[in-house]
Amino acid sequence: MSRQGGIRFRYLRRDMVQNKGVNLTLLLMLVLSAFLMATGSMVMERLVGAVDQLFDVAKPPHFLQMHKGEYDEAALERFAAAHPEIDSWLIEEMLGFDGASLAWERPSTGESGDLSSRLIDNLFVTQNEEFDFLIDETGAIPEPAVGEVYLPVGYQQSFDLQAGDELRIRTESGIRVLRIEGFVRDAQMASLLSSTRFLVSTADFEALAAAGGGTPEIIVEYRLDDPGTGADFQRVYEADAAVPKNGQGVTYEQIRLINAFSDGLVALALVFVSMLVMVIALLNVRFVIRGMLTDEVREIGAMKAIGLPDRMISGLYLLKYRAMTLSACLVGGAAAVVATHLLTGGIEDNYAEAEIGPATFLVPTLALSLVYLFVVGICRRVLGRVRRIEVVNALVHGSTLDERQTARRARRQARRVRRGRLDGYRGGNLNRRLAMLELRSEARSWLLIPLVFCLASILMTLPMNLYTTFDSSRFGTYLGVPDSELRVDLQFSDGLDALRGDVLTAMGNDDRLTGVESYANLTYRIEGDEGWETFRVEVGDYTQSTIEYIRGGRPGAGQIAVSALNAERYRLSPGDVLAMRLGDDEVVSVEVSGVYQDLTGGGYTAKMHGEVTADAAAYVVFADIVGGGTPAAIASEYGGRFPNATVLPTREYMKQTLSYAVDSFRGAALLALVSGVAVAALITSMFLKLRLASDRRRMGMLSAIGFSARELRNQVQGNALVAIATGVVAGAVLSATVGESMVGSLIAMAGLGITDLSFIPNPLLVYVAYPLLLIATGYLSTVFLTAGLRGADKSGWLTS
Amino acid sequence: MKTGFVMPQHDHAPLACRNLTKTYHSTDPATEVLRGVDLTVGRGEFLAVMGSSGSGKSTLLYNMSGMDRPTSGTVHLEGRELTTLKDAELSRVRLTRMGFIFQQAYFLNNLNLQDNILLPALKAAPGDSEAVVSRVDSLMDRFGIDHVRRHGVTQVSGGQLQRASICRALATEPAVLFADEPTGALNSSMTTEVMDALTDAHSGGTTLVMVTHDPVCAARADRVVYLRDGRITDSRELGRWRADDGRREDELFAWLSGNGF
Ligand SMILES: Nc1ncnc2c1ncn2[C@@H]1O[C@H](COP(=O)(O)OP(=O)(O)OP(=O)(O)O)[C@@H](O)[C@H]1O
Ligand SMILES: [Mg+2]
């Protein structure tokens, strides 16, 4: 046993010294995949833990309904009494101030600024008593004293605020000053297209309400006996005609998903990248082991000849890969701890500092164990070829092949020899022809390069495509937000129709604006599982609509388009006929023209072609800007002119809403870019080193018969370039086709209303610059690796 | 210590080297393999280089042919100094003016035998492929490998392969043919086969420099030089070889044992 140990140790040491470069490359690849896998799983675990922890303390509602305007409190009482599944419920009163009426000042230094870049309404609230708490940085439930205010943590980050700063609120009766006491985490905070909550004392809340200038809003919130029934409860709630529902309804599942949306996708992206890197590492391992078996075939033959069992021989070699994978997992895991710490800073700020539990160690350990078992398993499989090596063939011919394989190879060679004829050669480039023949006959070995570059290209492209998609101004159209620059919401106002007339006249006369289009929000009812259910419909002219339809198209006369969630709920597809009624009017029939995906209005929306009639619950007006003035400036100008209208520069609004996710994606895309380039350079270098080593005799011979070092170099570089370019092109094509649907289905599984994602890539970047970057990386590695060919004494190539 | 046997200098001797040295600095201490070799090979001469193993015979061959760069000294091929040429020019000289035969026959295994033989000649005269093909045809015919021309290199015998090497080397009509132990890997009947082919090439006017361990092979040469400690220490004129000259080998044996072979 100790003798075997001795052999093993001697072998390991000799191999480490002799094949330093190759072993180092392998080790780096394994470390990288272990690192990414561990980081992805750790970020995921931290995120889930943090969200759990926050939800534990904050107790977010299982269903919430936002509402602007008058409401019937008695109806809510009645509704609650009639539904025993409700555990508890509350009405949260809020006061909305737009960013322009809020400013901050730091008394100690005199620094100041305003919050006007925040397009989302800032809502002042008091701490709830039973559930849906806002949580401070220590995880406690703060009760602000009079004169104090707590701001969302997101504001702390984007405006660089500190506790002790002063918040100035412009009300209709002068400026009120509150001291910023701290910052709060909001379990609803990251919800897309929702507002953000500022926490004040009851006295200050009443004072603000009395001072005027704020828009009152409420959220009706419910905790249910079974949190999983939020969606059913929503249906029940919406079927009740008397309860308030002028606003977005959100379920517990949606709150959870939206919370984990960006960070979860980043963690998923990391795991995805690590899996690709691992596939590359495994291709690499396979290539190296096969080369090693060829190099050491005589030793293996000798070991077999003296009667060592196959298992022991392959165990001897496996030991090395076991050791390498194990160290890679340890190093990668340690590095992942640091990386996770850096990556989860944002998670801790926004959610909570998750407690370190058994899962904290178990999850990454499990992920790394899987990496280890998988890599070692593949090594074992490839080393299984030892069994097939025959002593005589190994010792006499130095061949790893058995009788049948030898015969097959001879036949293949004969075929190749017949095809690769030179005697028809008339001029042309003989060197190139030789290179091509070489590439063809060594295709099995060269295959590594296109495979690796294809995977590296996918690895770099997909995260980048995801980033540009979310960063694109057109992204909104995938979510049901029309691609217009201004959006005016008219709701909850006594003279709503008059206001609409004024706004339309003002905008129509404004020559900075074009394409002014208005829509009416009507509440229809249609027959569903719960009887006649509320069905919100936006009515107007959709002939210029820029919304993307996943099925069918925009609605024409007598037609309606429905959101993906509605299509699912009511099992609608284009061509179906929908019966609906307005109030107690006659039932009308409209044909479904198409289905679009929507994140606005809770995802349950519809768009019907028709005249914008008066007496709607709300109106929305869209417009584009033809020049003169930024969208934000024009929006605030109109906002000032029509205080009862909410005017938003839509694109910037979308950008701000998605900025957290976009930032995370940028990080992931960058990490993928660096990994891809590093992997490409590493593997090209390693491959060429091995390739050149096994090509020495051939090069020595060609050199002797008159091929110059430059010509030999050109052969290698040319072949490398062909292999690299093939892989890169294949990778780009796969990313654009299969990759899109792969990522799309991953996101669809998240159930956010995005059922179909088409990338909005930056084509110049991912389909021109990225491929060129990869090709340049590979080519430079090739140039670097083949530089040594020039100065060498060529006889050395022949004698080795 | 005897110095190198100096031949009368021709202006256009096919090959001449002066004070050629080669030191490998990669070892510690540095290995001085060639320590000043002076050698002139006459037109149409068949020169055999002998010496004990490790004496530097192969090194001499590679440095004279420009495969390797000598540490100092000069090499002239048909009057042209080689050591100052650039790699591309030197490769061109090897392509058009030199031929090589090695102990191991190196061929591309993705070309058939004929294409392997054609390769350097086609590269040297790309515009003249018909002439090249017919020249190679007649060479293959002459060296008896015509019938295996379409075979792959793993499908022919060692003797046939070595004769193919000779064909490939002669196809460019070189000024000098270098052979490093061309029979070292062959059995005796194949050795005779290959030596007959080389003798045949020589009688056709080719200048030959051959490194060998085998006195029977060396006996075919016009002249034998002896390499020891990086210098040529002795040289012997044998004159033209004839198959029925039995005394020639005995004479060579005696000379070799005098040199401690
Ligand atoms: N690249 C090198 N680096 C260091 N030393 C070398 C190198 N190449 C050859 N040598 C040394 O130079 C000496 C001469 O080698 P060479 O191959 O010329 O001998 P040789 O006479 O051809 O021997 P043989 O008859 O065995 O072929 C040897 O001692 C060898 O170890
Ligand atoms: Mg030698």
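Criteria and thresholds
- Residues numbered from 1 in each chain as written.
- Chains lettered and ligands numbered in written order.
- Predicted model: local features only at pLDDT ≥ 70, side-chain atom pairs only at ≥ 80, totals over all residues.
- Heavy atoms only, no water.
- Helix = DSSP H or I, 4+ residues; strand = E, 2+ residues; numbered from the N terminus.
- Buried < 20%, exposed > 50% of the residue type's maximum accessible area, 1.4 Å probe, protein only.
- Contact = heavy atoms within 4.5 Å.
- Areas by Shrake-Rupley, 256 points an atom, 1.4 Å probe, with all protein chains shown as cover.
- Lys, Arg positive; Asp, Glu negative; His and termini not counted.
- Charge placed at Lys NZ, Arg CZ, Asp CG, Glu CD.
- Salt bridge = Lys/Arg side-chain N within 4 Å of Asp/Glu carboxyl O.
- Pairing = 2+ DSSP bridges.
- Axes fitted to C-alpha atoms, helices over the stretch in contact; angles between N-to-C directions.
- UniProt positions renumbered as here; feature names shortened; annotations may be inferred.
- Expected span 1.5 Å × (residues − 1).
- Arc of directions from axis to C-beta.
- Patch = residues over 30% accessible without salt bridge, like charges linked within 9 Å, V, L, I, M, F, W, Y side chains within 5 Å.
- Domains from an automatic or database assignment.
- Near = heavy atom within 4 Å.
- Polar contact = N/O pair within 3.5 Å; in protein donor to acceptor, adjacent residues only side chain to side chain.
- Nonpolar A, V, L, I, M, F, W, Y, C, P; charged D, E, K, R; others polar.
- Buried area = accessible area lost by both parts, 1.4 Å probe.

With an unreviewed UniProt entry as reference, chain B is termed Putative ABC transport system ATP-binding protein, source organism Stackebrandtia albiflava.

As annotated in an unreviewed UniProt entry, chain A carries the name Putative ABC transport system permease protein and comes from Stackebrandtia albiflava.

All right, on to the overall build of chain A then. Within chain A, the regular secondary structure consists of 26 helices and 22 strands. Considering only C-alpha atoms, chain A reaches an extent of 100 × 60 × 55 Å along its principal axes. With 800 residues in all, chain A has 54% of them scored as buried. The contacts of chain A with a sequence gap of at least 6 include a subset with a gap of at least 24, amounting to 82%. Just so you have it, chain A exposes about 34,000 Å², and 56% of that area is on carbon and sulfur atoms. Averaged over its 74 positive side-chain charges, chain A has a centre that lies 26 Å from the centre of its 90 negative ones.

All names here are of chain A. Counted by the stated rule, this structure contains 32 salt bridges over all chains. Close ionic contact of Arg197 with Glu221 constitutes a salt bridge, the shortest N to O distance being 3.9 Å. In this pair, Arg197 is assigned in strand E10 (residues 196-200) and Glu221 in strand E11 (residues 215-224), connecting sequence segments 24 residues apart. The buried category is assigned to Glu221, whose relative accessible area is 0%. Salt bridges here are not isolated pairs; linked through shared partners, they connect Glu92, Asp132, Asp186, Arg197 and Glu221.

Turning next to the side chain of Ser795(A). As for its position among the elements, Ser795(A) is in helix H26 (residues 795-799). Not counting residues within four places of it along the chain, the set of residues in contact with Ser795(A) comprises Tyr62(B), Met67(B) and Asp68(B).

All names here are of chain B. Strand order across the open sheet formed by 4 strands is E2-E1-E4-E5, with antiparallel pairing between neighbours. Of all strands in the sheet, those with a lone pairing partner are strand E2 (31-41) and strand E5 (80-81), marking the two edges. Its contacts with the sheet place helix H1 (residues 57-64) against strand E1 (15-24), E2 and strand E4 (72-77), and it is angled at close to 120° to E1.

Before going further, it helps to spend a moment on the UniProt feature "transmembrane region" (unreviewed entry) in chain A. All names here are of chain A. Sites flagged by UniProt as "transmembrane region" (unreviewed entry) map to residues 21-44, 265-289, 321-344, 356-379, 446-467, 668-688, 720-752 and 764-785. Secondary structure across residues 21-44 comprises 100% helix and 0% strand; the distance between its end C-alpha atoms is 34 Å. Here residues 764-785 is 100% helix and 0% strand, with 30 Å between the C-alpha atoms at its ends.

A few words now on helix H8 (residues 247-258) of chain B. Residues and elements named next belong to chain B. In a regular helix each residue adds 1.5 Å, so 12 residues correspond to 16 Å; H8 covers 17 Å between its end C-alpha atoms and thus fits that length. Residues Arg248, Leu252, Trp255 and Leu256 constitute the buried set of H8. One side of H8 holds all its buried residues, which, seen down the axis, span an arc of 100°. Of the exposed residues in H8, those oriented more than 90 degrees away from the buried face are Arg247, Asp250, Ser257 and Gly258. Directly beyond the C-terminal end of H8, a positive phi value near 80° is found at Gly260.

The subject of this paragraph is the sheet that holds strand E6 (residues 98-101) of chain B. Residue and element names in this part refer to chain B. Strand order across the open sheet formed by 6 strands is E6-E7-E8-E3-E9-E10, with mixed pairing between neighbours. Every interior strand has two partners, whereas the edge strands, E6 and strand E10 (231-237), have only one. Averaged over all pairs of adjacent strands, the angle between their axes in this sheet comes to 20°, without regard to strand direction. Strands in contact with H8 are strand E3 (46-51), strand E9 (223-228) and E10; relative to E9, the strand with the most contacts, it is inclined by about 20°.

Before going further, it helps to spend a moment on a nonpolar patch on the surface. A cluster of nonpolar residues, Val337(A), Val338(A) and Leu342(A), forms a patch on the protein surface that exposes about 310 Å² of accessible area. Take Leu342(A): it is sitting in helix H9 (residues 310-343).

With that settled, consider the domain arrangement of chain A. Its domain assignment divides chain A into domain 1 (1-59 + 251-389), domain 2 (86-224), domain 3 (434-473 + 659-800) and domain 4 (494-643). Taking the mean C-alpha position of each, domain 2 of chain A and domain 4 of chain A sit 31 Å from one another.

Moving on: the site of ligand 1. Residue and element names in this part refer to chain B. As a structural note, the neighbourhood of ligand 1 is formed by 14 residues, with Ser53, Gly54, Lys57, Ser58 and Thr59 the closest of them. Glu181 places a polar side-chain atom, nitrogen or oxygen, 3.4 Å from an oxygen atom of ligand 1. One of the side-chain N or O atoms of His213 is found 3.2 Å from an oxygen atom in ligand 1. Relative to its unbound accessible surface of 630 Å², ligand 1 loses 62% to contact with the protein. Per element, the largest residue contribution to the shell around ligand 1 is 3 residues, and it comes from H1. Among the residues forming the shell around ligand 1, the class breakdown is 2 nonpolar, 10 polar and 2 charged.

Right, let's talk about the interface of chain A and chain B for a bit. Interface size is often expressed as the accessible area that is lost when the parts come together. Contact with chain A, which involves 34 residues of that partner, is made by 36 residues of chain B. Buried area between chain A and chain B, summed over both chains or domains, comes out near 3,100 Å², and the portion from carbon and sulfur atoms is 58%. Area buried by chain A at its contact with chain B is led by Val417(A), Met701(A) and Ile705(A), which between them contribute 18% of it. Scanning the region where chain A abuts chain B turns up 3 salt bridges. We note a salt bridge from Lys794(A) to Asp87(B), for which the minimum N-O separation is 2.9 Å. For the pair chain A and chain B, the interface holds 12 residue pairs in polar contact (both at pLDDT 80 or more). Top contributing element to the side of chain A that touches chain B by residue count: helix H22 (residues 696-704) of chain A, with 7 residues. Within the side of chain A that touches chain B, the residues separate by chemical class into 14 nonpolar, 9 polar and 11 charged.

All names here are of chain A. Within the element layout of this structure, Ile300 appears in helix H8 (residues 297-305). On a C-alpha basis, the gap between Ile300 and Ile313 in space is 7.3 Å, while along the polypeptide they are 13 residues apart. Excluding anything up to four places from it in sequence, Ile300 contacts Leu293, Ile313, Tyr317, Val386 and Ile389.

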